[in-house]
Amino acid sequence: MKLVATKDAIGCVLCHDMTRIIPGVSKGAAFKKGHIVTEEDIEVLLSMGKENLYVWENDDTMLHEDEAAFKLCSLCKNEHMYTGQLSEGKIELFADCDGVLKVNDSLLKMVNAAGEMMIATRHGNFPVKKGDKLAGMRIIPLVIKKDKINKVLSECEGKGLILKLMPYKKNKATIITTGSEVASGRIKDAFTPVIKDKLKEYDIEIINHTLIADNSEEITSQIKEDIASGANIVLCTGGMSVDPDDKTPKAIKNTGADIVTYGAPVLPGAMFLLSYLDSAAVMGLPGCVMYAKRTIFDLVLPRIAAGEVLTKEDFERLGQGGLCLGCDICTFPNCGFGK
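Residues numbered from 1 in each chain as written. Predicted model: local features only at pLDDT ≥ 70, side-chain atom pairs only at ≥ 80, totals over all residues. Heavy atoms only, no water.

S.K.: Hey, could you go over the overall build of the protein chain for me, with residue numbers and the actual values?
M.R.: What the protein chain contains, in helices and strands, is 11 helices and 19 strands. Its C-alpha atoms give the protein chain a radius of gyration of 27 Å, more than 25% over the compact-globule value 20 Å for 339 residues. The C-alpha extent of the protein chain, read off along each of the three principal axes, is 90 × 45 × 30 Å. When the 339 residues of the protein chain are sorted by exposure, 43% land in the buried category. Taking all contacts inside the protein chain whose residues are at least 6 apart in sequence as the whole, residues at least 24 apart take part in 68%. In the form shown here, the protein chain has an accessible surface area of approximately 17,400 Å², with 51% of it arising from carbon and sulfur atoms. (Helix = DSSP H or I, 4+ residues; strand = E, 2+ residues; numbered from the N terminus. Rg over C-alpha atoms; globule rule 2.2 N^0.38 Å. Buried < 20%, exposed > 50% of the residue type's maximum accessible area, 1.4 Å probe, protein only. Contact = heavy atoms within 4.5 Å. Areas by Shrake-Rupley, 256 points an atom, 1.4 Å probe, with all protein chains shown as cover.)

S.K.: Explain the nonpolar core residue by residue, including any values.
M.R.: Judged by nonpolar contacts, the single largest core of 33 residues is most densely connected at Ile195, Leu274, Met283, Leu285, Ile304 and Phe315. Going through the elements one at a time, strand 14 (172–178), helix 6 (191–200), strand 16 (233–237), strand 18 (273–277), strand 19 (280–285), helix 9 (288–291) and helix 10 (296–305) are the ones with two or more residues in this core. Sorting elements by how many residues they give to this core places helix 10 first, with seven residues. With residues up to four places along the chain from it excluded, the contact list for Ile195 reads Ile175, Leu235, Thr237, Leu285, Val289 and Phe297. Membership of the second largest hydrophobic core comes to 30 residues, among which are Leu75, Val128, Ala135 and Ile162. (Core = buried A, V, L, I, M, F, W, Y, C linked by side-chain atoms within 4.5 Å.)

S.K.: How would you explain the environment of Phe191 if you had to name every residue and give the values?
M.R.: Inspection of the secondary structure assignment puts Phe191 in helix 6. Through-space distance from the C-alpha of Phe191 to that of Ser221 is 21 Å; in sequence the pair is 30 residues apart. If near-sequence neighbours (up to four positions away) are discounted, Phe191 is found in contact with Thr237, Gly238, Leu285, Pro286, Gly287, Val289 and Met290.

S.K.: Kindly report on the packing of helix 6 against helix 10, identifying the contributing residues and their values.
M.R.: Between helix 6 and helix 10, the shortest axis-to-axis distance is 11 Å and the interhelical angle comes to 40°. Here helix 6 is positioned oblique relative to helix 10, judged by the angle of their axes. You can see that helix 6 and helix 10 cross each other, and the crossing is right-handed. Between helix 6 and helix 10, the contacting residues are Ile195, Lys198 and Leu199 on the first element and Phe297, Asp298 and Leu301 on the second. Among the residues forming the contact of helix 6 with helix 10, the class breakdown is four nonpolar, no polar and two charged. (Axes fitted to C-alpha atoms, helices over the stretch in contact; angles between N-to-C directions. Parallel < 35°, antiparallel > 145°, perpendicular 65-115°, else oblique. Left-handed = near helix turned anticlockwise from the far one by under 90°. Nonpolar A, V, L, I, M, F, W, Y, C, P; charged D, E, K, R; others polar.)

S.K.: Would you mind going over the pattern of salt bridges in detail, with residue names and values included?
M.R.: One pass over the full model with this rule turns up 17 salt bridges. One salt bridge in this structure joins Asp105 and Lys109, with 3.2 Å as the shortest N-O distance. Here Lys109 and Asp105 lie together in helix 3 (residues 105–113), a separation of four residues that amounts to about one turn. Among the salt bridges present, the one from Glu316 reaches Lys312, with a minimum N-O distance of 2.7 Å. Of this pair, Glu316 and Lys312 both sit in helix 11 (residues 312–316), four residues apart, which is roughly one turn of the helix. Assessed through its relative accessible area of 49%, Glu316 is described here as partly exposed. Residues joined in a network through salt bridges with shared partners are Lys102, Arg303, Glu308, Glu313, Asp314 and Arg317. (Salt bridge = Lys/Arg side-chain N within 4 Å of Asp/Glu carboxyl O.)

S.K.: Report on the pairing of strand 16, specifying residues and quantitative values.
M.R.: Along strand 16, five of the five residues are buried, which leaves the element largely enclosed by surrounding structure. Burial of strand 16 is two-sided: the residues Ile233, Leu235 and Thr237 facing one way and the residues Val234 and Cys236 facing the other way are all buried. For strand 14 and strand 16, the ladder comprises five bridges, and the chain directions are parallel. Of the residues in strand 16, the one forming a bridge with Thr177 is Thr237. (Pairing = 2+ DSSP bridges.)

S.K.: Describe the sheet that holds strand 10 (residues 126–128), and please don't skip the residues or the numbers.
M.R.: The strands making up a sheet are joined through hydrogen bonds of the backbone, oriented either antiparallel or parallel. One open sheet holds the three strands; their spatial order is 10-8-13, and the pairing between them is antiparallel. Each edge of the open sheet is held by one strand with a lone partner, namely strand 10 and strand 13 (163–167). Going from strand to strand, the sheet's axes swing by 40° on average, the running direction of each strand aside. Alignment of strand 8 (residues 99–103) against strand 13, held across five bridges, turns out to be antiparallel. Residue Val100 lies in a different strand from strand 13, and its bridge partner there is Met166.

Spatial relationships are all this shows, so hold off on functional conclusions.
This is the structure in structure tokens:
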């Protein structure tokens, strides 16, 4: 690539799109990359403020922004993703299905730290819909040294890709509603309708619903029975505080499940419990899930629905951003909650 005076550029090949802006009328490429400059083009280019032009010059040590952008894209594009149209050296990636986006933060930082190149993504660990934009990437200058881009590719080799889209599995869930006051019919079960609506968001089939009084042995037995019947998600609602008459945490523990966490740095949802028994996710849902618009359950459920097995460390990371502001108009997940 070389810089030439516009008036001397007749016959030269443009190496990038030339954008023309007419205020209030239009904005777009007046001349596309690869266009051969003609005598008639000179006045138009000058009227666009282009006194000089970058035109092609053979140089085996450099890569044009388009070629380099495709190489960056190769570090991100994974299954269930498709690319948008290349425009002025920028490529965007889109979701090809509903699912949960995962971002390899360390690889993303390494690429962006290299300089002269950038990759921007949406937040990981959150649900996306088919057609949603996932990421955009481009080279900052018009050309970049081949050695530089190849060094980044080499450093990323064997470490996986920056992005991963996990489609939702075919999940089967059961709901165990605990509480003597509900089981006896003294009060209406207001918890279960909320849970059903949230499960519907991820097309999770409900195969059983049970009302059980505050009896830890019965709750333990029902959890095991539900898993034996094919449930891979068991949701226990109510009885999750530290009061002596709250039996749910003890009941879950007595199944022999591996407790990932009882308690999380998230509000609403500090008393949440997650465990695994025979590969099924068994959750204890605190009362806030019933009345708050969004809670820790909304941060965890899509990841469970996509088949991710969560760890204690996953919950420890939730502290920053773990405070829901309870906005009058909820825009979740397009807000800071959980990020």
